[in-house]
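One letter stands for each residue in the lines below.
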Amino acid sequence: MPALPDLQHSFMAALRGGAEDAVLAAIAGDGIPAAERLAIHRNNMVLTLTDSLAGVFPAVRGLVGADFFAACAAAFIAAHPPRSGTLIRYGDRFAPFLDRSGMAAPVPCLSDLARLEWAWHQAFHAADAAPLAPADLGAIDPGDLPALVLRPHPSARLLSSPWPVDAVWAAGLAGDAFDGTVDLDAGGVDLLVVRPALEVEVRRLDPAAAALLAACAAGRPLAEAAATAGTGLDLAAALAGLLAAGAFAPFHPTNQEHLP
Amino acid sequence: MKANTLKSTLPAVMVASAVAMAVAAAGTPAKAADKEKCYGVVKAGKNDCATANSSCAGTSKADGQKDAFIALPKGVCEKLVGGSLKPMKKG
């Protein structure tokens, strides 16, 4: 018998379509030939991972249909099998794969739609946290505000796309029930994906507000982040919108690192 | 970028007044008081112990992959209008 790591490596290679001889020798036939058992296992792997991806990217699937999605998923699974035993982590490279493989060329907004769905998935599984309460921000000494570091909520993700990808998302989720059209020429969007409580929310942000949150996420103090966001920024309106969306993490009750 | 030692910042008084306005305007973020979290619920397709397929598909030795590359998607994407292959400038 080969050593276990060798057997595992050749098993994985065979599942990905490589040589089967070393693995077949280790499989007991018992009524069903070893090669068929391996084929059944390989088929189950592809189908299960395809189902897993369909659960993470329902709008992509709804947009392009089940057959095209299955073809994309099969190609992705062959190129990028899971690296973790936890399927929740599977699919992070799906959007770049759609770009790189050229499979999404007929639908140019498809990879950004996949990015939005991955951001939704990440927000869904992010750590729970009550968002920063406006009153807690109001309680900060005004003299400390310019140097204040506002951290994004653990679930918050920013996505910028040259397409109206939120409208495409809604159409894809509706699937065959979608009765309308999406105008791809409607222009780009900056989206905030965040889960302030139990529900994941997708909101459009003003580009300057998105730049403000991105600068905060990079650890910049408020006065500097506001300057970074550009002259188009209405700081009061942007902060009010971000606070209402639950985009900021609460201040730590004892760790005062947000203060200068 | 790092060579620039003078960091651009907004004047403190503008930051303070903007924060005061924002706090007054933002109100309280919505609370999910009427919902409770169901622990242990896994999204469909994420339970890797179970075969999520019918026993028919589960015991099939046929490859799950389609033989022919499906070059054109069918589905809702027919309802996307406009949008050349070259992405437009964001606006």
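Residues numbered from 1 in each chain as written. Chains lettered and ligands numbered in written order. Predicted model: local features only at pLDDT ≥ 70, side-chain atom pairs only at ≥ 80, totals over all residues. Heavy atoms only, no water.

1. Considering the domain arrangement of chain A
Residues and elements named next belong to chain A. Split by domain assignment, chain A resolves into domain 1 (1–107) and domain 2 (128–260). A C-alpha centroid distance of 36 Å is found between domain 1 and domain 2. Taken together, the contacts link 4 residues of domain 1 with 5 residues of domain 2. In this assembly, domain 1 packs against domain 2 so that about 330 Å² is buried in total across both faces, 84% of it on carbon and sulfur atoms. On the surface where domain 1 and domain 2 come into contact, there are 0 salt bridges. Between domain 1 and domain 2 we count 0 residue pairs in polar contact (both at pLDDT 80 or more) in total. In terms of residue class, the side of domain 1 that touches domain 2 is built from 3 nonpolar, 1 polar and no charged. (Domains from an automatic or database assignment. Contact = heavy atoms within 4.5 Å. Buried area = accessible area lost by both parts, 1.4 Å probe. Salt bridge = Lys/Arg side-chain N within 4 Å of Asp/Glu carboxyl O. Polar contact = N/O pair within 3.5 Å; in protein donor to acceptor, adjacent residues only side chain to side chain. Nonpolar A, V, L, I, M, F, W, Y, C, P; charged D, E, K, R; others polar.)

2. A few points about the side chain of Ser111 of chain A
Residue and element names in this part refer to chain A. Structurally, Ser111 can be placed in helix H7 (residues 110–125). Classification of Ser111 by relative accessible area gives buried; the value is 3%. Setting aside residues up to four positions removed in sequence, Ser111 forms contacts with Ala95, Leu98 and Asp99. (Helix = DSSP H or I, 4+ residues; strand = E, 2+ residues; numbered from the N terminus. Buried < 20%, exposed > 50% of the residue type's maximum accessible area, 1.4 Å probe, protein only.)

3. Considering the packing of aromatic side chains
All names here are of chain A. As enumerated under the stated definition, the model contains 7 aromatic pairs over all chains in all. Each ring, one from Phe57 and one from Phe94, has its centre 4.8 Å from the other, and the planes form 45°; the classification is tilted. In this pair, Phe57 is assigned in the loop between helix H3 (34–56) and helix H4 (58–64) and Phe94 in helix H6 (residues 94–101), connecting sequence segments 37 residues apart. Comparing Phe57 with Phe94, the two get one shared label, buried. (Phe/Tyr/Trp six-rings, centres within 6.5 Å; stacked < 30°, edge-to-face > 60°.)

4. Quick look at the pairing of strand S4 (residues 201–205) of chain A
Residues and elements named next belong to chain A. As judged from the 5 bridges shared by strand S3 (residues 189–194) and S4, these two strands associate in the antiparallel manner. Along S4, the bridge assignment pairs Asp190 with Leu205. Joining the antiparallel neighbours S3 and S4 is a turn of 6 residues. (Pairing = 2+ DSSP bridges.)

5. A closer look at unusual backbone geometry
Residues other than glycine seldom take positive phi values, yet Asp30 of chain A does so here, at roughly 50°. One can find Asp30 of chain A in the loop between helix H2 (21–24) and H3.

6. A closer look at the nonpolar core
In terms of nonpolar packing, the biggest core is built from 55 residues, with Phe57, Leu63, Phe69, Phe94, Leu110 and Leu113 of chain A together with Leu80 of chain B touching the most fellow members. Secondary-structure elements contributing two or more residues to this core are helix H1 (4–15), H3, H4, helix H5 (66–79), H6, H7, helix H9 (165–174) and S3 of chain A. Three or more residues apiece are contributed to this core by two domains, here domain 1 (1–107) and domain 2 (128–260) of chain A. Leu113 of chain A has contacts with Ala59, Val60, Leu63, Val165, Val168 and Trp169 of chain A, leaving out every residue within four places of it along the chain. (Core = buried A, V, L, I, M, F, W, Y, C linked by side-chain atoms within 4.5 Å.)

7. Looking at the state of the cysteines
Evaluation of the coordinates by the stated rule reveals 0 disulfides over all chains. There is no disulfide at Cys72 of chain A, and the cysteine sulfur nearest it, in Cys77 of chain B, is 11 Å away. What makes Cys77 of chain B buried here is its relative accessible area of 12%. (Disulfide = S-S within 2.5 Å.)

8. Here's the deal with the pattern of salt bridges
All names here are of chain A. Throughout the structure, instances matching the rule amount to 8 salt bridges over all chains. The salt bridge involving Arg204 is made with Asp166; its shortest N-O contact spans 2.5 Å. Note that Arg204 is positioned in strand S4 and Asp166 in helix H9, a separation of 38 residues in sequence. Given the relative accessible area of 52%, Arg204 is considered exposed.

9. Some words on H1 of chain A
Residues and elements named next belong to chain A. Compared with an ideal rise of 1.5 Å per residue, which puts 12 residues at 16 Å, H1 spans 16 Å between its outermost C-alpha atoms and is within 8% of the ideal. For H1, the set of buried residues is Leu7, Ser10, Ala14 and Leu15. For H1, the arc enclosing every buried residue in end-on projection is 140°, short of the 170-degree limit, so these residues lie on one face. Each element contacted by the buried residues of H1 is listed here: H2 and H3. (Expected span 1.5 Å × (residues − 1). Arc of directions from axis to C-beta.)

10. Concerning the packing of H6 of chain A against H7 of chain A
All names here are of chain A. With their axes 8 Å apart at the nearest point, H6 and H7 run at an angle of 170° to one another. Classified by the angle between their axes, H6 and H7 sit roughly antiparallel to one another. Facing H6, whose interface residues are Phe94, Ala95, Pro96, Leu98 and Asp99, H7 presents Leu110, Ser111, Ala114 and Arg115. (Axes fitted to C-alpha atoms, helices over the stretch in contact; angles between N-to-C directions. Parallel < 35°, antiparallel > 145°, perpendicular 65-115°, else oblique.)

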